[in-house]
Amino acid sequence: MPTVDISAFSLALCFLLLLIPIALSYGVKLKLTYITLTSALRMTIQLFLVGLFLKYIFELNNPYLNLLWFILMIVFATSSVLRSTRLDKKTFILPSFTAFLVSNFFVLLYFNYFVVSLSNVFEAKYLIAIGGMLLGNSLRGNIVGIGDFYNDIRKNEKTYYYYLSLGATRLEAIIPFFRKSLNAALKPTIASMSTMGIVSLPGMMTGQILGGSSPLIAIKYQIAIMVAIYAATTLSIFLAIVLTLRTSFDEYGILNRNIFCEPKK
Amino acid sequence: MLKFDKINVSFNGRYILKNFSLEIQEKEKVLLFGRSGIGKSTLLKLALGYIKPESGKIYFHDQPLNKNLIWDLRKEVAYVSQDMEIGLGKVKDYLKLVFSYKGNSHIGYSSDKVKRLIEYFELNSDILMKNIEELSGGEKQRLMIVTVLMLNRKIFFLDEITSGLDLKLKQKVISFFLENAEWTEIIVSHDNQWLSHPSVKLIDMEASFADS
């Protein structure tokens, strides 16, 4: 059975549900009415545009175009990580981009070739949809991973210097911070793996079931994608930190202050 | 052994060290003296490479400090400072970490020696099983002293190491460091007890500041 289409009228009916938060916001003076309306509007416009665009891309299914779209997504992901972590764009953009590209591309191709056994690993549906899921998740991990790592060293500079004075090499002094941030970054993914299916039915599974797949196929995809997300996230955080170490510390092992964007005084 | 040559350091447009020179010979015990903010601790941090001078040079064993020598210096100098933090976790694990460093691997970890030092500096015998965050300021200072003594270093940078201790313990720590003729020491302290010792050479930072 094909998925039931939602007509424009039905979508309008769905928007009526927004009256609940708006009424509440008005009643309790949450002052969220304006932002609720503008956010809902933005979402609608963005998704319609992406929908149109993807429809076009899926019909063309040109490997180069698909790849270009995937790379564009990585550029957006990288700049979004740097914006949230308040790290200097100039220093970090290239190494972070490389880390994202290498890790996500590797896991994605492995997934498409060995797991889904596609004859064309650049097939638009898989490259863009699966790639987007990997990226979106490793993005969250990276914001915590790389952001925590550098901010933690800065915050605990006295401990870091102390390790150096005890004869630690730069790497030896960094490793406790590296472990800590990688740990914090991966915990949410690990937790969501272990509660999968009980606490939440993931979006991908819901989508496939509505799209007519048997739940048994849907769970297999979900298991595979969770493992892939975990691998891509770990690899991308690891690479992002390793690739930025060289420029972030000087030859004396001291953290460069100009890697942080500070609010102008 | 350690030489500061015409060092200039300023912070927010104000000079902390201006044209400052000082030479420390092997086995000397030098006490840096002067009001707070005059750059005593800064001098130690300069030598450890945590801060770089705007101009001037630092020499270690007659060689200018550079990106290679700094790592050797950090393996030779024992730095104990109130301004440093040990980190978190069990004391035992922290010591294990320090001894896991490649630069320290030639020194065997001796649990007998730790036990003796813990007793000598009047720390609780169960301190190894405690968490660092449970220790008082004075206990942390003594734990840092125990750590560097375990590492068998001969050059000491001691920044306010007696400030958190009671009078009797102060005397004990001071005698311990000043009665060892082999060690080279740079001491920063507001405690007068350091002065009463004949081996101490006093450097008045106020005077050297006024001279410049």
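For every chain, the first residue of its written sequence is number 1, and the numbers climb from 1 along that sequence. To label them, take the chains in the order written and letter them from A, then take the ligands in the order written and number them from 1. Reporting in this predicted model follows two pLDDT cut-offs: at least 70 for local features of residues, and 80 or more for side-chain atom pairs to be given and counted; totals over whole chains, interfaces and linings ignore these cut-offs and use all residues. Excluding hydrogens and water, the side-chain values take into account all heavy atoms of the structure.

**Looking at the packing of helix α5 (residues 89–115) of chain A against helix α6 (residues 124–155) of chain A**
All names here are of chain A.
(1) Moving on: Note on definitions: angles span 0 to 180 degrees between N-to-C directions of axes, and those axes are lines fitted to C-alpha atoms, for helices only across the stretch in contact. Strands here mean DSSP runs of E at least two residues long; helices mean DSSP runs of H or I at least four residues long; both are numbered from the N terminus. Following both chains from N to C, one finds α5 and α6 inclined at 140 degrees, their axes separated by 10 Å at the closest point. The angle between α5 and α6 falls in the class oblique. Crossing angle aside, the handedness with which α5 passes α6 is right-handed. Listed contacts from α6 to F92, F100, N104, V107, L108, F111 and N112 of α5 are Y126, L127, I130, G131, L134, L135, S138, L139, N142, I146 and Y150.
(2) Moving on: As a working rule, the residues Ala, Val, Leu, Ile, Met, Phe, Trp, Tyr, Cys and Pro are called nonpolar, Asp, Glu, Lys and Arg charged, and the rest polar, with Gly in that last group. Its residues assigned to classes, the contact of α5 with α6 shows 13 nonpolar, five polar and no charged. Orientation labels follow simple angle bins: below 35 degrees gives roughly parallel, above 145 gives roughly antiparallel, 65 to 115 gives roughly perpendicular, and whatever is left gives oblique. A clockwise turn of the near helix away from the far one marks a right-handed crossing, whereas an anticlockwise turn of less than a right angle marks a left-handed crossing. The contact criterion used throughout is that any non-hydrogen atoms of two residues lie within 4.5 Å.

**So, the sheet that holds strand β6 (residues 77–81) of chain B**
Strand pairing in a sheet relies on backbone hydrogen bonds. The paired strands run either parallel or antiparallel.
Residues and elements named next belong to chain B.
(1) Moving on: One open sheet accounts for five strands, arranged β6-β7-β8-β3-β9; its pairing is parallel. Only two strands of the sheet have a single partner each, and these edge strands are β6 and β9 (200–204). Averaged over neighbouring strand pairs, the angle between their axes works out to 15 degrees when direction is ignored.
(2) Moving on: Whether two strands pair comes down to DSSP finding at least two bridges between them. For β6 and strand β7 (residues 155–159), the ladder comprises five bridges, and the chain directions are parallel. Its bridge partner lying in β7, Y79 is registered against F157.
(3) Moving on: Here helix α5 (residues 137–150) sits on the sheet and contacts β6 and β7; the angle it forms with β6, its principal contact strand, is near 175 degrees.

**Description of the interface of chain B and chain A**
(1) Moving on: The interface of chain B with chain A comprises 31 residues on the first partner and 18 residues on the second.
(2) Moving on: Accessible area that two parts lose when put together, with a 1.4 Å probe and added across both, is what the buried area reports. In this assembly, chain B packs against chain A so that about 2,300 Å² is buried in total across both faces, 59% of it on carbon and sulfur atoms.
(3) Moving on: Between Lys or Arg on one side and Asp or Glu on the other, a salt bridge is scored when a side-chain nitrogen of the former is within 4 Å of a carboxyl oxygen of the latter. Taken together, the links from chain B to chain A amount to three salt bridges.
(4) Moving on: As used in this structure description, the phrase polar contact means that two N or O atoms lie within 3.5 Å; if the pair is within protein, one of them must be able to donate a hydrogen and the other to accept it, and residues adjacent in sequence are counted only when both atoms belong to side chains. Taken together, chain B and chain A are joined by 13 residue pairs in polar contact (both at pLDDT 80 or more).
(5) Moving on: Grouping the constituent residues of the side of chain B that touches chain A by class yields 16 nonpolar, seven polar and eight charged.

**Thoughts on the pattern of salt bridges**
(1) Moving on: Following the criterion strictly, the structure yields twelve salt bridges over all chains and no others.
(2) Moving on: E59(A) is the partner of K55(A) in a salt bridge, and the nearest nitrogen-oxygen pair spans 3.4 Å. With K55(A) and E59(A) both in helix α3 (residues 33–60), this residue pair falls four residues apart, about one helical turn.
(3) Moving on: Residue exposure (1.4 Å probe, protein chains only): buried if accessible area is under 20% of the type maximum, exposed if over 50%, otherwise partly exposed. For K55(A), a relative accessible area of 53% gives the class exposed.
(4) Moving on: Using a relative accessible area of 58% as the deciding quantity, one classes E59(A) as exposed.
(5) Moving on: The partner of D83(B) in a salt bridge is K45(B), and the shortest N-O contact between them spans 2.5 Å. With D83(B) in the loop between β6 and α3 (91–100) and K45(B) in helix α1 (residues 40–47), this residue pair connects regions lying 38 residues apart in the sequence.
(6) Moving on: Assessed through its relative accessible area of 16%, K45(B) is described here as buried.
(7) Moving on: Beyond isolated ion pairs, a larger network of salt bridges with shared partners links K158(A), K45(B) and D83(B).

**Brief notes about the sheet that holds strand β5 (residues 63–64) of chain B**
Residues and elements named next belong to chain B.
(1) Moving on: A sheet is described by the order of its strands in space; here four strands give the open sequence β2-β1-β4-β5, paired in antiparallel fashion. Where the open sheet ends on each side, the last strands, each with one partner, are β2 (14–24) and β5.
(2) Moving on: Pairing of strand β1 (residues 2–11) with β2, which is carried by seven bridges, proceeds in the antiparallel orientation. Looking at β2, one finds that I7 is bridged to F20.
(3) Moving on: Contacting β1, β2 and β4 (55–60), α1 runs over the sheet at an angle of about 115 degrees to β1.

**Re the domain arrangement of chain A**
All names here are of chain A.
(1) Moving on: Domains assigned within chain A are domain 1 (1–60) and domain 2 (62–259).
(2) Moving on: Domain limits in this description derive from either an automatic procedure or a database domain assignment. Between the C-alpha centres of domain 1 and domain 2 the distance comes to 29 Å.
(3) Moving on: Each partner contributes residues to the interface: domain 1 has seven residues there, and domain 2 has ten residues.
(4) Moving on: Both sides of the domain 1 and domain 2 interface together cover about 720 Å² of buried area, and 77% of this is carbon and sulfur.
(5) Moving on: The tally of links from domain 1 across to domain 2 stands at zero salt bridges.
(6) Moving on: For the pair domain 1 and domain 2, the number of links is one residue pair in polar contact (both at pLDDT 80 or more).

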